[in-house]
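Descriptive structure summary
Next come the chains, spelled out residue by residue.
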Amino acid sequence: MALDLRGLNPAPVTPFTTDGDIDFAAIQRLGSWLGSIDGVKSLVVLGHAGEGTFLTVDEQLDVIRAFVDATEGRVPVIAGITGEGNKVAALEAERAKAAGASAGLVYPSHGWLRFGYQQGAPQSRYREIYETSGLPSILFQYPDNTKATYDLDTQLEIAGQEGVFATKNGVRNMRRWYTEIPALRAAYPELQILSCHDEYLLPTMFDVDGLLVGYGNIAPEALIELIEAGKAQDYPRAHAIHERLLPVTKNVYHRGSHMEGTVALKWGLVHRGILDHATVRTPLLPLPDGADAEIAAAFASAGLQKVGVTV
């Protein structure tokens, strides 16, 4: 595959106006800024951080097109593929490709979160998506505490399919991580392995090719340094970056629900001068009073200042 994601792959938020519509001017600022940073390899839109499942089909396509326009071809735009059934997801991927997406991050069928999956079903999902759309795919490994997490054999079979070129791993179980990542490496040396452990990146930084994280919205410069330190096996440097970012990590991701991280990301982008406000769509709700000030203080302590964006 031509796509090289060995670096930082932010998963951008979807900005909204105060009326709740997509804010295309803010997408232009966000996409232009992220796409201009050396070390950013792609933008992955319509994920959890991007509130992708809260958008209509037309809005999803508009978001893809807007980020493609904002990056002006500097980096590829990858779309989250979240449709429930195989045919639904395959047609979603076909539309995403037509809108300009270069690859798809394939989510599990969300019914599996509660009920689990039949053996072979995830493999069929990736196969049908690629056969219908021709869109290259990223294998998405969900957390260990869900029923949509794939066992090693399932991961290996998906990774060996035509069109699958990378995996975004968020298993959040280090016993499995230290078993399954080496097995994937051994079976498929060219498979690009990306961590999405936003809330505790440090333990995974020394085993991966890069990051695919919502965190990349707010601190791309520091995360690129962290990736470089991990690839160099420079633990003291990586640990120092981790400690500098820890107040931000706590204020964004160590909250009651991981979904609150999306709201906090938007407040972080307000602090950095990209967004004017942190409007989200229900069922997401605003953070408690005072959270914006706490987030701003954490950013200041980490040295994450406002950026100048000219579009």
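For the structure itself, consult the block above.
As a convention, each chain's residues are numbered from 1 in the sequence order in which they are written. Two thresholds apply to this predicted model, a pLDDT of at least 70 for residue-level local features and 80 or more for giving and counting side-chain atom pairs, whereas whole-chain, interface and lining totals are computed over all residues. Here the side-chain values reflect all heavy atoms present in the structure, with hydrogen atoms and water set aside.

As a further point, take the overall build of the chain. Per the convention used, a helix needs a DSSP run of H or I reaching at least four residues, while a strand needs a run of E reaching at least two, with both numbered from the N terminus. Helix and strand counts for the chain stand at eleven helices and eight strands. Restricting the calculation to C-alpha atoms gives the radius of gyration, and the globule rule supplies 2.2 Å times the number of residues raised to the power 0.38. For 311 residues, the compact-globule estimate of 2.2 N^0.38 gives 19 Å, and the chain sits close to it at 18 Å. Relative accessible area decides the class of each residue, using a 1.4 Å probe on protein chains only: under 20% of the type maximum gives buried, over 50% gives exposed, and in between gives partly exposed. Among the 311 residues that make up the chain, the fraction classed as buried is 58%. For the chain, long-range pairs separated by at least 24 residues make up 74% of all intrachain contacts whose partners lie at least 6 apart in sequence. Per-residue and other accessible areas were derived by the Shrake-Rupley procedure at a 1.4 Å probe size, with only the shown protein chains allowed to occlude residues. With an accessible surface of roughly 12,400 Å², the chain has 52% of that area assigned to carbon and sulfur atoms. Contact between two residues is taken to exist if any of their heavy atoms lie within 4.5 Å; hydrogens are not considered.

This next bit is on helix α8 (residues 220-231). Helix span, expected: 1.5 Å multiplied by one less than the number of residues in the helix. If you check α8, its first and last C-alpha atoms are 16 Å apart, about what twelve residues at 1.5 Å a residue would give, namely 16 Å. All of the buried residues in α8 are P220, A222, L223, I224, L226, I227, A229 and G230. On the buried face of α8, the contacting elements are β1 (8-10), α1 (24-35), β8 (210-213) and α9 (235-253). Just downstream of α8 lies Q233, where phi reads positive at about 55 degrees.

Attention now moves to the environment of I158. Along the polypeptide, I158 turns up in helix α6 (residues 152-159). Classification of I158 by relative accessible area gives buried; the value is 0%. On a C-alpha basis, the gap between I158 and S137 in space is 9.9 Å, while along the polypeptide they are 21 residues apart. Apart from residues lying up to four places away in sequence, I158 is in contact with P122, Q123, Y126, L139, Y150 and V164.

A word on the nonpolar core. Ranked by internal contacts, the top residues of the largest apolar core, which has 97 residues, are I64, Y215, I218, L223, L245 and V248. The definition of a nonpolar core used throughout is a set of buried Ala, Val, Leu, Ile, Met, Phe, Trp, Tyr and Cys residues joined through side-chain atoms within 4.5 Å. Counting eight residues, the second-largest nonpolar core is a separate cluster that includes L184, L191, I193 and V208.

As a further point, take empty space enclosed by the protein. The definitions used throughout rest on a 1 Å grid laid over the protein atoms alone, on which a cavity is an enclosed set of points accommodating a 1.4 Å probe that cannot get out and a pocket is an open set flanked by protein within 12 Å on both sides along at least five of seven lines; lining residues are those having an atom within 4 Å of a point. Grid points are joined across faces, edges and corners, and a volume is the space filled by probe spheres set on the points. Overall, the coordinates contain three cavities of 30 Å³ or more when judged by the stated rule. The space that makes up the largest cavity amounts to roughly 80 Å³. Around the largest cavity, the lining residues are D198, E199, Y200, L201, L202, Y215, L223, L226, H242, L245 and T249. Counting only elements with at least two residues in the lining of the largest cavity, the list comes to α8 and α9. For the lining of the largest cavity, the element with the highest residue contribution is α9, accounting for three residues. In terms of residue class, the lining of the largest cavity is built from seven nonpolar, two polar and two charged. The residue classification treats Ala, Val, Leu, Ile, Met, Phe, Trp, Tyr, Cys and Pro as nonpolar and Asp, Glu, Lys and Arg as charged. All others, Gly included, are polar.

Attention now moves to the pairing of strand β4 (residues 103-106). For a regular strand, side-chain orientation follows a simple rule: the groups alternate between the two sheet faces. Residues A103 and L105 point to one face of β4 and G104 and V106 to the other, with burial holding for every one of them. DSSP bridges decide pairing: two strands pair if at least two such bridges lie between them. As paired elements, strand β3 (residues 77-81) and β4 share four bridges and run parallel to each other. Looking at β4, one finds that A79 is bridged to G104. Place the viewer so that the strands point away; then a crossover is right-handed whenever the path from the first strand over the helix to the second strand goes clockwise. Remark: the β3/helix α3 (residues 86-99)/β4 crossover connection has right-handed handedness. In this structure, β4 lies alongside strand β5 (residues 137-141), joined through three bridges in parallel fashion. Opposite G104, over in β5, you have S137 as the bridge partner.

Note that the residue after T282, namely P283, is joined by a cis bond; omega there is 15 degrees. Inspection of the secondary structure assignment puts P283 in the loop between α10 (260-271) and α11 (291-301).

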